[in-house]
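# Structural description and commentary
Letter by letter, the chains look like this.
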Amino acid sequence: MKKLVFLSFCLLASLICFAQAPAEQLFNRLQKLQEKGVMFGQQDAPFYGFSWTNISKDGVTNPDKCDIKDVCGDLPAVMGFDLGGLEYFSLKNIDGVPFDYERKEIIKHYERGGIITLSWHPINPANHQNAWNIEGSPVAKILPGGELNGKFNMWLDEIVKFIKTLKDSRGNPIPLIFRPWHEMNGGWFWWGSKACTPEQYRQLFRYTYHYMQAKGDFCNLLWAYSPNLGNKSVEDYMRFYPGDFIKILGADCYQYSPKKDFIDGTRAEISYMNEVAQKTGHIIALTEFGFKNCDDAKWYTTSIWPAIQGYKLSHILVWRNAFGDASEAFGPYPGKIEEKDFVKFIKKPEVLILSDIIKVGSIN
């Protein structure tokens, strides 16, 4: 009974919180921007690129540099950052970015008018292997009553602590899109379909939400749900949906198949999201996308554009260009085969980069 009262209080508090700034302001801004076009974003954009890095003992040597800017002259409208590593008290995230540096870039991008989205790739709590290790029934063990629930609570405490430090120069909480537990319909993460049931997954997401809200009283988070490409219906897409505290419906859509299959599959995912959003008012987005080591000189105008055209998406976030890892290059960079095509794509009036959004519904 006490647990039910506690959860009811958390839900009521979160609903009241969402009706206030800055979460509601961010939601409203995203709606306005969605009417103008689709925002382009990239993961880890300011930290490193295909042939450069700002992560070194010498400190930041290339401020405001990123591959997107080098190609088209402007920064992405949306920047993605990862929290993996906080759970084991690391000073650096899963990609080697110091959290102090990450905090500074989050604040900087917000204050210049950009949008921030946070992902989280935590280690497997059952064996301390990486997020892609699915052994040991980790989800069952971290849920209430499980032997690792206390450990998981400490992990969430670290996430709460970090997010609480994300404040602008006036001391106000920065509005953020928070997207944990993504690609759950795939089998590669320890919270995915090969490691837990849909109900266990929903319990995990709900527990994360309620615990963090109770600890942080967050009025600055928009929570996102993002299955991987490959659903066959609206019901399939919503199979893991944890509840209506979710405000953004996303999909992670990478091209690992022939072009037509990718376009058709991505349009199908967007259609499922759109059908739900038309009834519920959710915002929709491609929360991740890309073509790893693209070999198509016209990929942006002949693959991703046909895949999204005609839908009102909030944003599309291309994955990172990992410095020193030629096998992990998802976005454009100077000299890449699709560089000129990307410029053509980004110049479409319906595609928005930072300079396109800084005066649209700004909440800075």
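Let me sum up the structure you'll find in this document.

Reading guide: rules and limits
Residues numbered from 1 in each chain as written. Predicted model: local features only at pLDDT ≥ 70, side-chain atom pairs only at ≥ 80, totals over all residues. Heavy atoms only, no water. Helix = DSSP H or I, 4+ residues; strand = E, 2+ residues; numbered from the N terminus. Expected span 1.5 Å × (residues − 1). Buried < 20%, exposed > 50% of the residue type's maximum accessible area, 1.4 Å probe, protein only. Contact = heavy atoms within 4.5 Å. Patch = residues over 30% accessible without salt bridge, like charges linked within 9 Å, V, L, I, M, F, W, Y side chains within 5 Å. Areas by Shrake-Rupley, 256 points an atom, 1.4 Å probe, with all protein chains shown as cover. Salt bridge = Lys/Arg side-chain N within 4 Å of Asp/Glu carboxyl O. Pairing = 2+ DSSP bridges. Right-handed = clockwise from strand over helix to strand, strands pointing away.

Right, let's get into helix H9 (residues 259–280). With 22 residues, H9 ought to run about 32 Å at 1.5 Å a step, and its terminal C-alpha atoms sit 31 Å apart, in line with that. Listing the buried residues of H9 in full gives Phe 262, Ile 263, Thr 266, Glu 269, Ile 270, Tyr 272, Met 273, Val 276 and Ala 277. Each element contacted by the buried residues of H9 is listed here: helix H8 (234–237), strand E6 (246–254), strand E7 (283–290) and helix H10 (299–308). Looking one or two places after H9, you find Gly 281, whose phi comes out positive at around 85 degrees.

Turning next to a nonpolar patch on the surface. Together, Ile 94, Trp 132 and Trp 188 make up an exposed nonpolar region whose accessible area comes to about 280 Å². Locating Trp 188 in the fold gives a position in the loop between strand E4 (176–179) and helix H7 (198–216). Taking the relative accessible area as the measure of exposure, Trp 188 reaches 32% and is therefore partly exposed.

With the rule as written, the count across this model stands at 19 salt bridges. In this structure, Asp 157 and Lys 215 form a salt bridge, with 4.0 Å as the shortest nitrogen-oxygen distance. Here Asp 157 is found in helix H6 (residues 149–164), whereas its partner Lys 215 is found in helix H7, with 58 residues between them in sequence. Since its relative accessible area comes to 22%, Asp 157 is described here as partly exposed. Overall, the relative accessible area of 43% leaves Lys 215 in the partly exposed class. Residue Asp 168 is joined to Arg 170 by a salt bridge in which the shortest nitrogen-to-oxygen separation is 3.5 Å. Overall, Asp 168 belongs to the buried group, its relative accessible area being 6%. Judged by relative accessible area, which is 57%, Arg 170 ranks as exposed.

For the rest of this paragraph, the subject is the pairing of strand E5 (residues 221–225). Counted residue by residue, E5 has 5 buried out of 5 residues, so it is predominantly covered. Covered by surrounding structure in E5 are Leu 221, Trp 223 and Tyr 225 together with Leu 222 and Ala 224, the residues of both alternating faces. Bridge count between E4 and E5: 3 bridges; the pairing is parallel. By the bridge assignment for E5, Phe 178 is matched with Trp 223. Where the polypeptide runs from E4 across H7 and back to E5, its parallel neighbour, the crossover connection is right-handed. Looking at chain direction, E5 and E6 are connected through 3 bridges and run parallel. Along E6, the bridge assignment pairs Ala 224 with Ile 248.

Read these as geometric descriptors, not functional statements.
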